[in-house]
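This is what each chain is made of:
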Amino acid sequence: MNKTRTTLADGRALIYYTSGRAASRHTDARALPPTRTVSERRYDRLLDEWVVIASHRQDRTHMPPADQCPLCPSAPGRPTEIPAPDYQVVVFENRFPALCGPDGGRCEVVCFSPDHHASYVDLGKDQVLTVLAALADRTTELAALPGVEQVYCFENRGSEIGVTLSHPHGQVYALPLLTPHTRRMLDSATRHRQATGRNLFDDVRDEALVDSRRVVTTGDHWSAFVPEAARWPFEVHLYPHRRVPDLASLAETEREELARMHLDLLGRFDRLFPTPAPYVSAWHQAPVHRGRDLFALHLELFTPRRAADRLKYLAGTESGMGQFVNDIAPEQAAARLREV
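Throughout what follows, the structure given in this document is the object of discussion.

The rules behind the values
Residues numbered from 1 in each chain as written. Predicted model: local features only at pLDDT ≥ 70, side-chain atom pairs only at ≥ 80, totals over all residues. Heavy atoms only, no water. Helix = DSSP H or I, 4+ residues; strand = E, 2+ residues; numbered from the N terminus. Expected span 1.5 Å × (residues − 1). Buried < 20%, exposed > 50% of the residue type's maximum accessible area, 1.4 Å probe, protein only. Arc of directions from axis to C-beta. Contact = heavy atoms within 4.5 Å. Phe/Tyr/Trp six-rings, centres within 6.5 Å; stacked < 30°, edge-to-face > 60°. Axes fitted to C-alpha atoms, helices over the stretch in contact; angles between N-to-C directions. Left-handed = near helix turned anticlockwise from the far one by under 90°. Nonpolar A, V, L, I, M, F, W, Y, C, P; charged D, E, K, R; others polar. Pairing = 2+ DSSP bridges.

## Things to note about helix α2 (residues 180-196)
Link 1 in the chain: For α2, which comprises 17 residues, the first-to-last C-alpha distance of 24 Å matches the rise-based estimate of 24 Å (1.5 Å per residue) to within 8%.
Link 2 in the chain: Among all positions in α2, only Thr-182, Met-185, Leu-186, Ala-189 and His-192 are buried. For α2, the buried positions fall inside an angular range of 125° around the axis, keeping them on one side. Facing away from the buried side of α2 by over 90 degrees, the exposed positions are Arg-191, Gln-194 and Ala-195.
Link 3 in the chain: Contact partners of the buried residues in α2: β7 (150-157), α3 (200-210), β12 (279-284) and β13 (298-303).
Link 4 in the chain: Gly-197 sits one or two residues past α2 and shows a positive phi near 80°.

Right under this line is the structure:
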């Protein structure tokens with residue numbers, strides 16, 4: 001994997017990832033002012049959680065027409081965030097980051113393809129392997145930054161999810177804190193180890209495989225299943241058979257099968273309804289400094305669409321009390337995903 005570093009006109013870092021020869025460096029000719037973004041962390045004492053205030057994001061680019069997309073390659077007379085006329089995979093610092101300033105953290109954008117109209121499922125295995133190599137590299141590099149506690153890689157797709165750019169892309173957050181989701185999982189895994197001597201993530205995966213009603217697909221190195229207490233109408237978790245803390249720890253054979261299985265799952269989501277399902281594809285990785293022997297890398301993929309013309313909204317119970325109610329039984333969701 002070749003990695004070519006450069007900078008944008010305002011000083012933000014940009015990295016080209018290529019599976020062949022190294023990418024050429026192209027100068028960002030735009031007259032961009034320096035970024036002046038600052039986020040702030042505020043502590044919710046009642047919930048024992050941190051909330052990030054990032055008011056500068058209110059004015060970020062929102063669903064521009066295709067010929068004004070900032071994630072497409074640059075063309076004569078139309079410079080974008082990517083100076084090159086073509087690319088395989090590109091990572092750059094977000095101009096409107098959720099995390100920045102004295103509270104720490106870093107947000108990066110990962111462009112999966114130069115094709116504006118593509119989706120992750122259209123990439124093909126070789127391109128997905130390049131994306132995975134980029135995500136593994138970003139995980140390692142960002143985890144080494146001072147103050148970073150967790151590296152989170154994810155993709156949002158669809159206006160129903162709230163995406164602001166339709167070009168195929170994901171993001172990587174280097175967080176100066178543990179998210180509530182990760183902290184709760186780590187606490188549960190710690191209690192499970194103390195009570196049983198076993199690993200909670202291993203047991204969750206193995207129990208799902210024994211109860212084959214919730215299994216969607218399996219391979220030599222990975223298994224995908226609907227969790228027993230799924231919160232979303234269609235939710236799939238993808239676990240490696242060998243417990244590892246993060247993407248950077250996967251062996252080549254594991255990445256090869258992951259590329260194929262991830263595409264398979266996304267294809268199933270696209271076939272659930274007459275139109276492609278909106279989704280969140282979230283990589284859960286071990287914290288940087290603690291719990292790495294307990295935590296297990298896994299992907300959580302879910303859609304809020306519960307029928308062709310209906311979404312699951314986080315209404316009074318979910319938003320007001322944090323109590324999820326799912327209209328579709330996990331066993332039924334798994335059966336439907338196997339069918340498609």
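## Focus: the packing of aromatic side chains
Link 1 in the chain: Taken as a whole and assessed by the stated rule, the structure comprises 10 aromatic pairs.
Link 2 in the chain: With a centroid separation of 6.3 Å and 70° between ring planes, the pair formed by Trp-222 and Trp-283 is classed as edge-to-face. Placement of the pair is Trp-222 in strand β10 (residues 222-225) and Trp-283 in strand β12, with a sequence separation of 61 residues. The same class applies to Trp-222 and to Trp-283, which are both buried.
Link 3 in the chain: For the pair Trp-232 and Phe-324, a centre-to-centre distance of 5.5 Å together with 70° between the ring planes defines the contact as edge-to-face. Here Phe-324 lies in the loop between α5 (316-321) and α6 (330-339) and Trp-232 lies in the loop between β10 and β11 (234-240), a separation of 92 residues in the sequence.
Link 4 in the chain: Ring-pair connections join several aromatic residues into one group, and the members of that group are Tyr-152, Phe-154 and Tyr-173.

## Some words on the packing of helix α1 (residues 125-143) against helix α4 (residues 252-270)
Link 1 in the chain: The geometry of α1 relative to α4 is characterised by a closest axis approach of 9 Å and an angle of 115° between their N-to-C directions. For the pair α1 and α4, the sense of crossing is right-handed. Contact with α1, carried on its side by Lys-125, Val-128, Leu-129, Leu-132, Ala-133 and Ala-136, involves Arg-255, Glu-256, Leu-258, Ala-259 and Leu-263 of α4 and no other residues of that element.
Link 2 in the chain: The class makeup of the residues in the contact of α1 with α4 is eight nonpolar, no polar and three charged.

## Overview of the environment of Ile-53
Link 1 in the chain: Mapping Ile-53 onto the fold places it in strand β4 (residues 49-53).
Link 2 in the chain: Ile-53 gets classed as partly exposed once you look at its relative accessible area, which sits at 35%.
Link 3 in the chain: Put simply, Ile-53 and Val-38 are 15 residues apart on the chain and 8.9 Å apart in space, counted from C-alpha to C-alpha.
Link 4 in the chain: When sequence neighbours within four positions are dropped, the list of residues in contact with Ile-53 reads Val-38, Ser-39, Glu-40 and Arg-42.

## Some details on the sheet that holds strand β2 (residues 13-18)
Link 1 in the chain: Overall, antiparallel pairing links the 11 strands, which are arranged β1-β2-β5-β6-β8-β7-β12-β13-β11-β10-β9 in an open sheet. The open sheet has two edge strands, β1 (2-7) and β9 (215-218), and neither has a second partner. Recorded for the sheet is a direction-independent mean angle of 20° between the axes of neighbouring strands.

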